[in-house]
Amino acid sequence: MSTEQQSGQQTAEKVAPATGKLGVMVVGLGAVATTMIAGVEAVRRGLAKPIGSLTQMGTIRLGKRTDSKSPLIKDFVPLADLNDVVFTGWDIFEDNVYESAAHAAVLDKETLLQLKPYLENIKPLTAVFDQYYVKRLHGTHVKKGKNKRDLADQVRADIQAFRKTVDRVVVIWAGSTEIFLEPSAVHQSIEAFEKGLETNDPGIAPSQIYAYAALSEGVPFANGAPNLTVDIPAMVELSKRNAAPICGKDFKTGQTFMKTVLAPAFKARMLGVSGWFSTNILGNRDGEVLDEPQSFKTKEESKLGSLEYIFQPELYPDLYNHIYHKIRINYYPPRGDEKEAWDNIDIFGWLGYPMQLKVNFLCRDSILAAPIALDLVLFLDLAKRTPDLRSIGIQEWLSFYLKSPQAAAGLYPEHDLFIQSMKLKNTLRHIMGQDLITHLGLDYYD
Ligand SMILES: NC(=O)c1ccc[n+]([C@@H]2O[C@H](COP(=O)([O-])OP(=O)(O)OC[C@H]3O[C@@H](n4cnc5c(N)ncnc54)[C@H](O)[C@@H]3O)[C@@H](O)[C@H]2O)c1
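I will try to describe carefully the structure that is included in this document. (Residues numbered from 1 in each chain as written. Predicted model: local features only at pLDDT ≥ 70, side-chain atom pairs only at ≥ 80, totals over all residues. Heavy atoms only, no water.)

## Let's talk about the pattern of salt bridges
Counted by the stated rule, this structure contains 17 salt bridges. Here Glu217 makes a salt bridge to Arg163, at a shortest N to O gap of 2.6 Å. With Glu217 in the loop between helix 8 (206–216) and strand 6 (221–223) and Arg163 in helix 6 (residues 148–163), this residue pair connects regions lying 54 residues apart in the sequence. The exposure class assigned to Arg163 is partly exposed, which follows from its relative accessible area of 30%. Sharing partners across several salt bridges, the network here consists of Glu41, Arg44 and Arg45. (Salt bridge = Lys/Arg side-chain N within 4 Å of Asp/Glu carboxyl O. Helix = DSSP H or I, 4+ residues; strand = E, 2+ residues; numbered from the N terminus. Buried < 20%, exposed > 50% of the residue type's maximum accessible area, 1.4 Å probe, protein only.)

Below you can see the structure in the form of C-alpha coordinates.
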(Lines give C-alpha, C1' and ligand atoms only; values in the text may rest on other atoms or scores of the structure.)
Protein backbone atom coordinates (compact mmCIF):
# COMPACT_ATOMS: atom_id res chain seq x y z
CA MET A 1 0.00 0.00 0.00
CA SER A 2 1.31 3.49 -0.83
CA THR A 3 0.90 6.70 1.15
CA GLU A 4 -1.50 7.76 -1.57
CA GLN A 5 -3.86 5.07 -0.38
CA GLN A 6 -5.60 4.16 2.79
CA SER A 7 -6.45 0.66 3.81
CA GLY A 8 -9.87 -0.40 2.53
CA GLN A 9 -12.30 -2.01 4.90
CA GLN A 10 -11.07 -5.57 4.98
CA THR A 11 -14.20 -6.37 6.91
CA ALA A 12 -16.57 -5.16 4.16
CA GLU A 13 -19.15 -7.85 3.62
CA LYS A 14 -19.62 -9.07 0.08
CA VAL A 15 -21.97 -7.26 -2.28
CA ALA A 16 -24.67 -9.57 -3.65
CA PRO A 17 -24.51 -10.13 -7.41
CA ALA A 18 -26.98 -8.45 -9.76
CA THR A 19 -28.71 -11.60 -10.87
CA GLY A 20 -31.99 -11.50 -12.78
CA LYS A 21 -34.07 -8.52 -13.86
CA LEU A 22 -34.02 -5.04 -12.36
CA GLY A 23 -37.44 -3.40 -12.53
CA VAL A 24 -37.34 0.39 -12.77
CA MET A 25 -40.57 2.19 -11.91
CA VAL A 26 -40.50 5.83 -12.99
CA VAL A 27 -42.94 8.33 -11.55
CA GLY A 28 -43.67 10.78 -14.37
CA LEU A 29 -43.07 9.57 -17.90
CA GLY A 30 -42.15 12.98 -19.30
CA ALA A 31 -39.07 14.38 -21.03
CA VAL A 32 -36.38 13.04 -18.70
CA ALA A 33 -37.95 9.61 -18.18
CA THR A 34 -38.67 8.94 -21.85
CA THR A 35 -35.19 10.14 -22.85
CA MET A 36 -33.69 7.73 -20.34
CA ILE A 37 -35.89 4.79 -21.40
CA ALA A 38 -35.46 5.36 -25.14
CA GLY A 39 -31.74 5.93 -24.61
CA VAL A 40 -31.27 2.67 -22.72
CA GLU A 41 -33.08 0.80 -25.50
CA ALA A 42 -30.97 2.56 -28.18
CA VAL A 43 -27.80 1.57 -26.32
CA ARG A 44 -29.01 -2.01 -25.93
CA ARG A 45 -29.54 -2.19 -29.69
CA GLY A 46 -26.13 -0.73 -30.42
CA LEU A 47 -27.62 2.39 -32.00
CA ALA A 48 -25.85 4.84 -29.68
CA LYS A 49 -23.35 5.16 -26.85
CA PRO A 50 -24.37 5.88 -23.20
CA ILE A 51 -22.51 9.19 -23.11
CA GLY A 52 -22.81 11.05 -19.81
CA SER A 53 -23.28 7.88 -17.78
CA LEU A 54 -20.57 7.17 -15.25
CA THR A 55 -21.89 3.66 -14.61
CA GLN A 56 -21.60 2.79 -18.29
CA MET A 57 -18.50 4.68 -19.42
CA GLY A 58 -16.54 5.57 -16.28
CA THR A 59 -13.41 3.86 -15.01
CA ILE A 60 -12.01 3.65 -11.50
CA ARG A 61 -8.35 3.63 -10.59
CA LEU A 62 -7.27 0.85 -8.22
CA GLY A 63 -3.94 0.75 -6.44
CA LYS A 64 -0.92 2.92 -7.20
CA ARG A 65 -0.65 5.24 -10.20
CA THR A 66 2.15 2.98 -11.44
CA ASP A 67 -0.11 -0.10 -11.31
CA SER A 68 -2.04 1.00 -14.43
CA LYS A 69 -5.18 -0.64 -13.15
CA SER A 70 -8.34 1.26 -14.08
CA PRO A 71 -11.23 -1.09 -14.83
CA LEU A 72 -14.62 0.12 -15.99
CA ILE A 73 -16.84 0.83 -12.98
CA LYS A 74 -19.44 -1.60 -14.30
CA ASP A 75 -16.78 -4.34 -14.39
CA PHE A 76 -15.54 -3.48 -10.90
CA VAL A 77 -18.85 -3.39 -8.98
CA PRO A 78 -21.73 -5.76 -9.70
CA LEU A 79 -24.20 -3.43 -11.43
CA ALA A 80 -27.34 -4.56 -13.22
CA ASP A 81 -26.63 -5.03 -16.91
CA LEU A 82 -28.66 -2.73 -19.16
CA ASN A 83 -30.08 -5.83 -20.87
CA ASP A 84 -31.61 -6.83 -17.55
CA VAL A 85 -33.37 -3.51 -16.94
CA VAL A 86 -37.17 -3.48 -17.34
CA PHE A 87 -39.11 -0.20 -17.26
CA THR A 88 -42.59 0.76 -16.19
CA GLY A 89 -44.04 3.87 -14.57
CA TRP A 90 -46.90 6.10 -13.60
CA ASP A 91 -48.20 9.27 -15.22
CA ILE A 92 -51.21 11.53 -14.95
CA PHE A 93 -51.66 11.33 -18.73
CA GLU A 94 -52.43 8.14 -20.64
CA ASP A 95 -49.77 8.58 -23.33
CA ASN A 96 -47.47 5.60 -23.76
CA VAL A 97 -43.72 6.20 -23.70
CA TYR A 98 -43.51 6.58 -27.48
CA GLU A 99 -46.25 9.23 -27.54
CA SER A 100 -44.82 11.03 -24.55
CA ALA A 101 -41.28 11.01 -26.01
CA ALA A 102 -42.66 12.37 -29.30
CA HIS A 103 -44.45 15.12 -27.38
CA ALA A 104 -41.30 15.98 -25.40
CA ALA A 105 -39.39 16.27 -28.71
CA VAL A 106 -35.99 15.69 -27.15
CA LEU A 107 -34.96 12.81 -29.39
CA ASP A 108 -35.35 13.05 -33.16
CA LYS A 109 -38.25 11.39 -34.98
CA GLU A 110 -36.08 8.83 -36.79
CA THR A 111 -34.56 7.52 -33.56
CA LEU A 112 -37.99 7.29 -31.94
CA LEU A 113 -39.48 5.48 -34.94
CA GLN A 114 -36.76 2.83 -34.73
CA LEU A 115 -37.67 2.25 -31.09
CA LYS A 116 -41.43 2.64 -31.48
CA PRO A 117 -42.58 -0.99 -30.95
CA TYR A 118 -40.64 -1.16 -27.69
CA LEU A 119 -41.61 2.29 -26.41
CA GLU A 120 -45.32 2.09 -27.17
CA ASN A 121 -45.56 -1.03 -25.08
CA ILE A 122 -44.70 0.88 -21.94
CA LYS A 123 -47.98 2.35 -20.77
CA PRO A 124 -48.35 4.35 -17.59
CA LEU A 125 -50.13 3.12 -14.51
CA THR A 126 -52.66 5.54 -13.05
CA ALA A 127 -50.99 8.22 -10.94
CA VAL A 128 -51.43 9.73 -7.50
CA PHE A 129 -52.05 13.36 -8.29
CA ASP A 130 -53.58 16.46 -6.78
CA GLN A 131 -53.54 19.75 -8.63
CA TYR A 132 -53.01 21.61 -5.38
CA TYR A 133 -49.36 20.49 -5.57
CA VAL A 134 -48.72 21.16 -9.31
CA LYS A 135 -50.95 24.03 -10.35
CA ARG A 136 -50.20 24.04 -14.05
CA LEU A 137 -51.17 20.42 -14.78
CA HIS A 138 -54.64 18.90 -15.18
CA GLY A 139 -54.20 15.15 -14.81
CA THR A 140 -56.84 12.76 -16.07
CA HIS A 141 -55.18 9.36 -15.55
CA VAL A 142 -55.32 9.37 -11.75
CA LYS A 143 -56.15 7.03 -8.90
CA LYS A 144 -59.15 7.57 -6.69
CA GLY A 145 -59.06 6.70 -3.02
CA LYS A 146 -60.84 7.44 0.20
CA ASN A 147 -57.72 9.04 1.71
CA LYS A 148 -53.97 9.32 1.20
CA ARG A 149 -53.44 6.02 3.01
CA ASP A 150 -55.68 4.32 0.45
CA LEU A 151 -53.67 5.89 -2.39
CA ALA A 152 -50.39 4.74 -0.83
CA ASP A 153 -51.81 1.21 -0.59
CA GLN A 154 -52.70 1.34 -4.28
CA VAL A 155 -49.14 2.34 -5.19
CA ARG A 156 -47.84 -0.47 -2.99
CA ALA A 157 -50.09 -2.87 -4.88
CA ASP A 158 -48.62 -1.58 -8.18
CA ILE A 159 -45.11 -2.21 -6.88
CA GLN A 160 -46.01 -5.67 -5.60
CA ALA A 161 -47.58 -6.64 -8.95
CA PHE A 162 -44.55 -5.44 -10.92
CA ARG A 163 -42.18 -7.15 -8.50
CA LYS A 164 -43.73 -10.50 -9.42
CA THR A 165 -42.32 -10.03 -12.95
CA VAL A 166 -38.77 -8.98 -12.01
CA ASP A 167 -36.16 -9.74 -9.35
CA ARG A 168 -35.54 -6.33 -7.80
CA VAL A 169 -37.23 -2.91 -8.01
CA VAL A 170 -36.11 0.72 -7.78
CA VAL A 171 -38.49 3.71 -7.91
CA ILE A 172 -37.39 7.10 -9.26
CA TRP A 173 -39.37 10.35 -9.29
CA ALA A 174 -39.03 12.13 -12.64
CA GLY A 175 -42.38 13.85 -12.19
CA SER A 176 -43.07 17.56 -12.17
CA THR A 177 -41.86 19.97 -9.51
CA GLU A 178 -44.41 20.33 -6.73
CA ILE A 179 -45.16 23.49 -4.75
CA PHE A 180 -42.77 24.50 -2.00
CA LEU A 181 -43.46 22.64 1.25
CA GLU A 182 -41.63 23.14 4.53
CA PRO A 183 -41.14 20.22 6.88
CA SER A 184 -43.90 20.18 9.49
CA ALA A 185 -45.08 18.02 12.40
CA VAL A 186 -46.51 15.36 10.08
CA HIS A 187 -43.01 14.75 8.65
CA GLN A 188 -41.22 14.20 11.94
CA SER A 189 -41.81 10.47 12.49
CA ILE A 190 -43.22 7.44 10.71
CA GLU A 191 -46.14 7.39 13.15
CA ALA A 192 -47.02 11.05 12.53
CA PHE A 193 -46.72 10.53 8.77
CA GLU A 194 -48.97 7.46 8.82
CA LYS A 195 -51.54 9.34 10.85
CA GLY A 196 -51.33 12.15 8.29
CA LEU A 197 -52.04 9.67 5.50
CA GLU A 198 -55.26 8.70 7.27
CA THR A 199 -56.32 12.29 7.88
CA ASN A 200 -55.28 13.64 4.46
CA ASP A 201 -52.77 16.06 5.95
CA PRO A 202 -52.02 18.76 3.32
CA GLY A 203 -48.32 18.51 4.28
CA ILE A 204 -48.18 15.17 2.44
CA ALA A 205 -47.62 15.69 -1.28
CA PRO A 206 -48.15 13.02 -3.98
CA SER A 207 -44.38 12.50 -4.34
CA GLN A 208 -44.33 11.52 -0.66
CA ILE A 209 -47.10 9.00 -1.17
CA TYR A 210 -45.01 7.24 -3.83
CA ALA A 211 -41.88 7.46 -1.67
CA TYR A 212 -43.71 6.11 1.37
CA ALA A 213 -45.08 3.21 -0.72
CA ALA A 214 -41.65 2.37 -2.17
CA LEU A 215 -39.80 2.55 1.16
CA SER A 216 -42.54 0.54 2.88
CA GLU A 217 -41.93 -2.15 0.28
CA GLY A 218 -38.18 -2.04 0.98
CA VAL A 219 -37.61 -0.50 -2.46
CA PRO A 220 -34.94 2.24 -2.99
CA PHE A 221 -36.26 5.65 -4.01
CA ALA A 222 -34.52 8.46 -5.93
CA ASN A 223 -35.90 11.96 -6.40
CA GLY A 224 -35.04 13.86 -9.57
CA ALA A 225 -37.09 16.91 -8.63
CA PRO A 226 -36.52 19.49 -5.88
CA ASN A 227 -39.64 18.41 -3.95
CA LEU A 228 -39.32 17.85 -0.21
CA THR A 229 -40.31 14.16 -0.64
CA VAL A 230 -37.79 12.07 1.34
CA ASP A 231 -35.91 14.98 2.90
CA ILE A 232 -37.79 14.53 6.20
CA PRO A 233 -37.12 12.48 9.36
CA ALA A 234 -40.07 10.11 8.73
CA MET A 235 -38.65 8.96 5.39
CA VAL A 236 -35.08 8.68 6.67
CA GLU A 237 -36.39 6.48 9.48
CA LEU A 238 -38.45 4.36 7.08
CA SER A 239 -35.50 4.03 4.70
CA LYS A 240 -33.30 2.67 7.50
CA ARG A 241 -35.97 0.46 8.97
CA ASN A 242 -36.74 -1.26 5.68
CA ALA A 243 -33.22 -1.22 4.19
CA ALA A 244 -34.48 0.89 1.30
CA PRO A 245 -31.77 3.39 0.27
CA ILE A 246 -32.55 7.04 -0.50
CA CYS A 247 -30.36 9.94 -1.66
CA GLY A 248 -30.79 13.70 -2.13
CA LYS A 249 -32.97 15.48 -4.66
CA ASP A 250 -33.05 17.33 -7.99
CA PHE A 251 -30.82 16.13 -10.83
CA LYS A 252 -27.67 18.27 -11.02
CA THR A 253 -27.62 18.85 -14.77
CA GLY A 254 -26.82 22.26 -16.29
CA GLN A 255 -26.37 25.49 -14.41
CA THR A 256 -25.90 24.02 -10.93
CA PHE A 257 -23.47 21.45 -12.34
CA MET A 258 -21.36 24.36 -13.63
CA LYS A 259 -21.75 26.24 -10.33
CA THR A 260 -20.42 23.33 -8.32
CA VAL A 261 -17.40 23.19 -10.65
CA LEU A 262 -16.60 26.91 -10.72
CA ALA A 263 -17.30 27.83 -7.09
CA PRO A 264 -14.79 25.27 -5.69
CA ALA A 265 -12.21 26.64 -8.15
CA PHE A 266 -12.64 30.22 -6.91
CA LYS A 267 -12.50 29.04 -3.34
CA ALA A 268 -9.43 26.87 -3.91
CA ARG A 269 -7.59 29.98 -5.19
CA MET A 270 -9.04 32.32 -2.52
CA LEU A 271 -10.76 34.51 -5.08
CA GLY A 272 -13.69 36.49 -3.73
CA VAL A 273 -17.20 36.61 -5.18
CA SER A 274 -19.54 39.58 -4.87
CA GLY A 275 -22.36 38.50 -7.15
CA TRP A 276 -23.68 35.56 -9.12
CA PHE A 277 -26.61 36.16 -11.43
CA SER A 278 -28.06 33.07 -13.11
CA THR A 279 -30.84 33.14 -15.64
CA ASN A 280 -32.43 30.45 -17.80
CA ILE A 281 -34.85 30.21 -20.70
CA LEU A 282 -36.55 26.94 -21.41
CA GLY A 283 -39.72 25.88 -23.16
CA ASN A 284 -40.55 22.32 -22.17
CA ARG A 285 -43.31 21.19 -19.83
CA ASP A 286 -40.91 21.44 -16.91
CA GLY A 287 -40.41 25.11 -17.86
CA GLU A 288 -44.16 25.62 -17.93
CA VAL A 289 -44.56 24.10 -14.46
CA LEU A 290 -41.66 26.20 -13.12
CA ASP A 291 -43.30 29.34 -14.50
CA GLU A 292 -45.78 28.98 -11.65
CA PRO A 293 -44.41 30.83 -8.58
CA GLN A 294 -44.96 28.08 -5.99
CA SER A 295 -43.20 25.41 -8.08
CA PHE A 296 -40.47 27.92 -8.95
CA LYS A 297 -39.91 28.55 -5.24
CA THR A 298 -39.18 24.83 -4.74
CA LYS A 299 -36.64 24.89 -7.58
CA GLU A 300 -35.14 28.19 -6.46
CA GLU A 301 -34.46 26.90 -2.95
CA SER A 302 -32.78 23.82 -4.40
CA LYS A 303 -30.59 25.86 -6.76
CA LEU A 304 -29.65 28.48 -4.17
CA GLY A 305 -28.17 26.12 -1.61
CA SER A 306 -24.99 25.07 -3.38
CA LEU A 307 -23.03 28.36 -3.26
CA GLU A 308 -23.69 29.01 0.40
CA TYR A 309 -22.33 25.60 1.35
CA ILE A 310 -19.35 25.64 -0.99
CA PHE A 311 -18.15 29.14 -0.10
CA GLN A 312 -18.49 28.74 3.69
CA PRO A 313 -18.75 32.51 4.31
CA GLU A 314 -18.41 31.90 8.04
CA LEU A 315 -14.83 30.73 7.41
CA TYR A 316 -14.04 33.30 4.67
CA PRO A 317 -15.97 36.47 5.55
CA ASP A 318 -13.63 38.70 3.47
CA LEU A 319 -14.32 36.69 0.34
CA TYR A 320 -17.91 35.46 0.47
CA ASN A 321 -19.89 37.36 3.07
CA HIS A 322 -21.67 39.66 0.66
CA ILE A 323 -22.60 37.60 -2.38
CA TYR A 324 -25.69 38.73 -4.26
CA HIS A 325 -27.02 35.44 -5.64
CA LYS A 326 -30.03 35.61 -7.94
CA ILE A 327 -31.69 32.88 -10.00
CA ARG A 328 -34.26 33.35 -12.73
CA ILE A 329 -36.10 30.74 -14.78
CA ASN A 330 -38.14 32.02 -17.69
CA TYR A 331 -40.60 29.91 -19.65
CA TYR A 332 -39.88 30.53 -23.33
CA PRO A 333 -41.69 27.98 -25.56
CA PRO A 334 -39.62 28.34 -28.77
CA ARG A 335 -36.63 26.71 -27.08
CA GLY A 336 -38.38 23.50 -25.98
CA ASP A 337 -35.96 21.26 -24.10
CA GLU A 338 -32.95 23.14 -25.47
CA LYS A 339 -32.43 25.36 -22.51
CA GLU A 340 -30.08 28.30 -22.47
CA ALA A 341 -28.49 29.46 -19.25
CA TRP A 342 -26.43 32.57 -18.61
CA ASP A 343 -24.33 33.21 -15.55
CA ASN A 344 -22.68 36.49 -14.77
CA ILE A 345 -20.18 36.11 -11.96
CA ASP A 346 -18.58 39.12 -10.32
CA ILE A 347 -15.35 38.04 -8.68
CA PHE A 348 -12.46 39.91 -7.11
CA GLY A 349 -8.77 39.17 -6.73
CA TRP A 350 -5.50 40.54 -5.33
CA LEU A 351 -6.12 43.73 -3.32
CA GLY A 352 -9.82 43.49 -4.13
CA TYR A 353 -9.62 44.30 -7.86
CA PRO A 354 -12.86 43.23 -9.61
CA MET A 355 -13.20 40.85 -12.57
CA GLN A 356 -16.10 39.16 -14.34
CA LEU A 357 -16.76 35.74 -15.76
CA LYS A 358 -19.66 34.96 -18.13
CA VAL A 359 -20.92 31.46 -18.73
CA ASN A 360 -23.37 30.77 -21.52
CA PHE A 361 -24.48 27.14 -21.47
CA LEU A 362 -26.62 26.07 -24.43
CA CYS A 363 -27.57 22.71 -23.10
CA ARG A 364 -30.23 20.09 -23.59
CA ASP A 365 -31.91 19.51 -20.30
CA SER A 366 -33.08 15.94 -20.68
CA ILE A 367 -29.94 14.84 -22.54
CA LEU A 368 -28.03 15.82 -19.41
CA ALA A 369 -30.59 14.40 -16.99
CA ALA A 370 -31.22 10.98 -18.57
CA PRO A 371 -27.81 9.42 -17.76
CA ILE A 372 -28.03 10.81 -14.23
CA ALA A 373 -31.41 9.14 -13.74
CA LEU A 374 -29.99 5.87 -15.07
CA ASP A 375 -26.90 6.01 -12.84
CA LEU A 376 -28.96 6.78 -9.75
CA VAL A 377 -31.19 3.80 -10.40
CA LEU A 378 -28.26 1.42 -10.97
CA PHE A 379 -26.30 2.69 -7.96
CA LEU A 380 -29.33 2.58 -5.64
CA ASP A 381 -29.87 -1.02 -6.69
CA LEU A 382 -26.20 -1.66 -5.89
CA ALA A 383 -26.65 0.00 -2.47
CA LYS A 384 -29.60 -2.28 -1.76
CA ARG A 385 -27.39 -5.31 -2.44
CA THR A 386 -24.51 -3.96 -0.32
CA PRO A 387 -24.56 -4.99 3.38
CA ASP A 388 -22.56 -1.89 4.40
CA LEU A 389 -24.96 0.51 2.67
CA ARG A 390 -28.46 -0.87 2.55
CA SER A 391 -29.55 0.04 6.06
CA ILE A 392 -27.84 3.41 6.51
CA GLY A 393 -30.69 5.33 4.85
CA ILE A 394 -29.18 8.30 3.00
CA GLN A 395 -26.56 7.40 0.40
CA GLU A 396 -24.46 10.53 0.65
CA TRP A 397 -22.00 9.15 -1.92
CA LEU A 398 -24.67 9.79 -4.58
CA SER A 399 -24.65 13.56 -3.87
CA PHE A 400 -22.54 13.80 -7.03
CA TYR A 401 -25.74 13.64 -9.07
CA LEU A 402 -27.94 16.01 -7.10
CA LYS A 403 -28.51 19.73 -6.69
CA SER A 404 -29.67 19.24 -3.13
CA PRO A 405 -27.62 16.51 -1.53
CA GLN A 406 -29.00 14.96 1.61
CA ALA A 407 -26.83 14.27 4.65
CA ALA A 408 -27.23 12.85 8.14
CA ALA A 409 -28.82 15.17 10.73
CA GLY A 410 -26.25 17.72 11.91
CA LEU A 411 -23.98 17.30 8.87
CA TYR A 412 -23.75 19.96 6.19
CA PRO A 413 -24.24 18.58 2.66
CA GLU A 414 -21.21 18.39 0.37
CA HIS A 415 -21.78 20.28 -2.91
CA ASP A 416 -18.28 20.44 -4.41
CA LEU A 417 -18.41 18.22 -7.50
CA PHE A 418 -14.83 17.03 -7.09
CA ILE A 419 -15.26 16.03 -3.46
CA GLN A 420 -18.51 14.33 -4.43
CA SER A 421 -16.77 12.43 -7.23
CA MET A 422 -13.99 11.30 -4.88
CA LYS A 423 -16.54 10.26 -2.25
CA LEU A 424 -18.46 8.22 -4.82
CA LYS A 425 -15.39 6.40 -6.10
CA ASN A 426 -13.97 5.78 -2.63
CA THR A 427 -17.33 4.33 -1.59
CA LEU A 428 -17.11 1.89 -4.49
CA ARG A 429 -13.54 0.97 -3.50
CA HIS A 430 -14.66 0.57 0.11
CA ILE A 431 -17.55 -1.78 -0.58
CA MET A 432 -15.32 -3.92 -2.79
CA GLY A 433 -12.64 -4.14 -0.07
CA GLN A 434 -10.08 -2.11 -2.09
CA ASP A 435 -7.70 0.51 -0.68
CA LEU A 436 -9.05 4.07 -0.72
CA ILE A 437 -7.17 6.70 -2.70
CA THR A 438 -6.07 9.79 -0.75
CA HIS A 439 -3.82 11.40 -3.41
CA LEU A 440 -0.95 11.85 -0.95
CA GLY A 441 1.59 9.86 -2.95
CA LEU A 442 4.81 10.72 -1.08
CA ASP A 443 6.11 7.19 -1.53
CA TYR A 444 6.63 7.76 -5.24
CA TYR A 445 9.54 10.01 -4.15
CA ASP A 446 11.21 7.62 -1.67
N1 LIG B 1 -34.30 18.01 -17.29
C2 LIG B 1 -33.43 18.39 -16.37
O3 LIG B 1 -32.31 18.75 -16.67
C4 LIG B 1 -33.83 18.37 -14.96
C5 LIG B 1 -32.87 18.70 -14.02
C6 LIG B 1 -33.19 18.67 -12.69
C7 LIG B 1 -34.44 18.31 -12.30
N8 LIG B 1 -35.39 18.04 -13.21
C9 LIG B 1 -36.72 17.73 -12.72
O10 LIG B 1 -37.14 16.49 -13.19
C11 LIG B 1 -38.56 16.49 -13.28
C12 LIG B 1 -38.95 15.98 -14.64
O13 LIG B 1 -38.53 16.88 -15.65
P14 LIG B 1 -39.06 16.73 -17.12
O15 LIG B 1 -38.33 17.72 -17.94
O16 LIG B 1 -39.07 15.30 -17.53
O17 LIG B 1 -40.57 17.24 -16.94
P18 LIG B 1 -41.86 16.82 -17.77
O19 LIG B 1 -42.89 17.86 -17.48
O20 LIG B 1 -41.53 16.55 -19.19
O21 LIG B 1 -42.28 15.43 -17.13
C22 LIG B 1 -42.87 15.30 -15.88
C23 LIG B 1 -43.94 14.24 -15.99
O24 LIG B 1 -44.43 13.99 -14.71
C25 LIG B 1 -45.81 13.78 -14.79
N26 LIG B 1 -46.37 13.95 -13.46
C27 LIG B 1 -46.55 15.09 -12.75
N28 LIG B 1 -47.06 14.81 -11.53
C29 LIG B 1 -47.17 13.47 -11.46
C30 LIG B 1 -47.61 12.58 -10.47
N31 LIG B 1 -48.04 13.04 -9.29
N32 LIG B 1 -47.59 11.26 -10.72
C33 LIG B 1 -47.15 10.78 -11.91
N34 LIG B 1 -46.72 11.58 -12.91
C35 LIG B 1 -46.72 12.90 -12.67
C36 LIG B 1 -46.26 14.78 -15.84
O37 LIG B 1 -47.49 14.43 -16.38
C38 LIG B 1 -45.12 14.66 -16.84
O39 LIG B 1 -45.37 13.68 -17.82
C40 LIG B 1 -39.02 17.92 -12.99
O41 LIG B 1 -39.43 18.04 -11.66
C42 LIG B 1 -37.76 18.71 -13.20
O43 LIG B 1 -37.74 19.91 -12.45
C44 LIG B 1 -35.12 18.05 -14.55
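Structure shown, so let's carry the discussion forward.
## Some details on a negative patch on the surface
A contiguous patch of negative charge, built from Glu94, Asp95, Glu99 and Glu120, is present on the exposed surface. Of note, Glu120 is situated in the loop between helix 5 (109–119) and strand 4 (125–126). (Patch = residues over 30% accessible without salt bridge, like charges linked within 9 Å, V, L, I, M, F, W, Y side chains within 5 Å. Areas by Shrake-Rupley, 256 points an atom, 1.4 Å probe, with all protein chains shown as cover. Lys, Arg positive; Asp, Glu negative; His and termini not counted. Charge placed at Lys NZ, Arg CZ, Asp CG, Glu CD.)

## Focus on the nonpolar core
Counting residues in hydrophobic clusters, the biggest one holds 58 residues, and the most contacted among them are Phe379, Tyr401 and Leu428. Among the elements that take part in this core, helix 14 (residues 365–384) stands out by supplying twelve residues, more than any other. Excluding residues within four positions of it along the chain, Phe379 makes contact with Thr55, Ile73, Leu79, Trp397, Leu398, Tyr401, Leu424 and Leu428. (Core = buried A, V, L, I, M, F, W, Y, C linked by side-chain atoms within 4.5 Å. Contact = heavy atoms within 4.5 Å.)

## Quick look at unusual backbone geometry
Of note in the backbone geometry, Ser68 takes a positive phi value of approximately 50° without being a glycine. On the secondary structure map, Ser68 appears in the loop between helix 2 (54–57) and helix 3 (73–76). For Leu351, which is not a glycine, the phi torsion comes out positive at approximately 65°. With respect to the helices and strands, Leu351 occurs in the loop between strand 10 (340–348) and strand 11 (354–362). You can call Leu351 exposed: its relative accessible area is 68%.

## Quick look at the sheet that holds strand 7 (residues 246–251)
In spatial order, the strands read 4-3-2-5-6-7-12; together these seven strands make up an open sheet with mixed pairing. With partners counted over all chains shown, the strands left at the sheet margins are strand 4 and strand 12 (402–404), one partner each. Sheet topology note: the strand 5 (residues 168–173)/strand 6 ladder contains three bridges and is parallel. When the sheet's bridge partners are listed, Val171 is paired in strand 6 with Phe221. (Pairing = 2+ DSSP bridges.)

## Topic: the packing of helix 1 (residues 31–44) against helix 5
As a packed pair, helix 1 and helix 5 sit with axes 10 Å apart at the nearest point and diverge in direction by 105°. One finds that helix 1 runs roughly perpendicular with respect to helix 5. Residues Ile37, Ala38, Glu41, Ala42 and Arg44 of helix 1 lie in contact with helix 5, whose contacting residues are Leu112, Leu115, Tyr118 and Leu119. (Axes fitted to C-alpha atoms, helices over the stretch in contact; angles between N-to-C directions. Parallel < 35°, antiparallel > 145°, perpendicular 65-115°, else oblique.)

## Considering the pairing of strand 3 (residues 85–91)
Burial analysis of strand 3 places six of its seven residues in the buried class, the great majority of the element. Bridge count between strand 2 (residues 22–27) and strand 3: six bridges; the pairing is parallel. Its bridge partner lying in strand 3, Val26 is registered against Gly89.

## Details of the site of the ligand
Near the ligand lie 33 residues; those nearest to it are Ala31, Val32, Asp91, Val128 and Gly175. Within the backbone of Gly175, one N or O atom sits 2.8 Å away from an oxygen atom of the ligand. In this structure, an oxygen atom belonging to the ligand sits 3.1 Å away from a main-chain N or O atom of Asp365. Elements with a minimum of two residues in the shell around the ligand: helix 1, strand 3, helix 8, strand 7, helix 11 (285–290) and helix 14. For the shell around the ligand, the element with the most residues is helix 14, which contributes three residues. (Near = heavy atom within 4 Å. Polar contact = N/O pair within 3.5 Å; in protein donor to acceptor, adjacent residues only side chain to side chain.)

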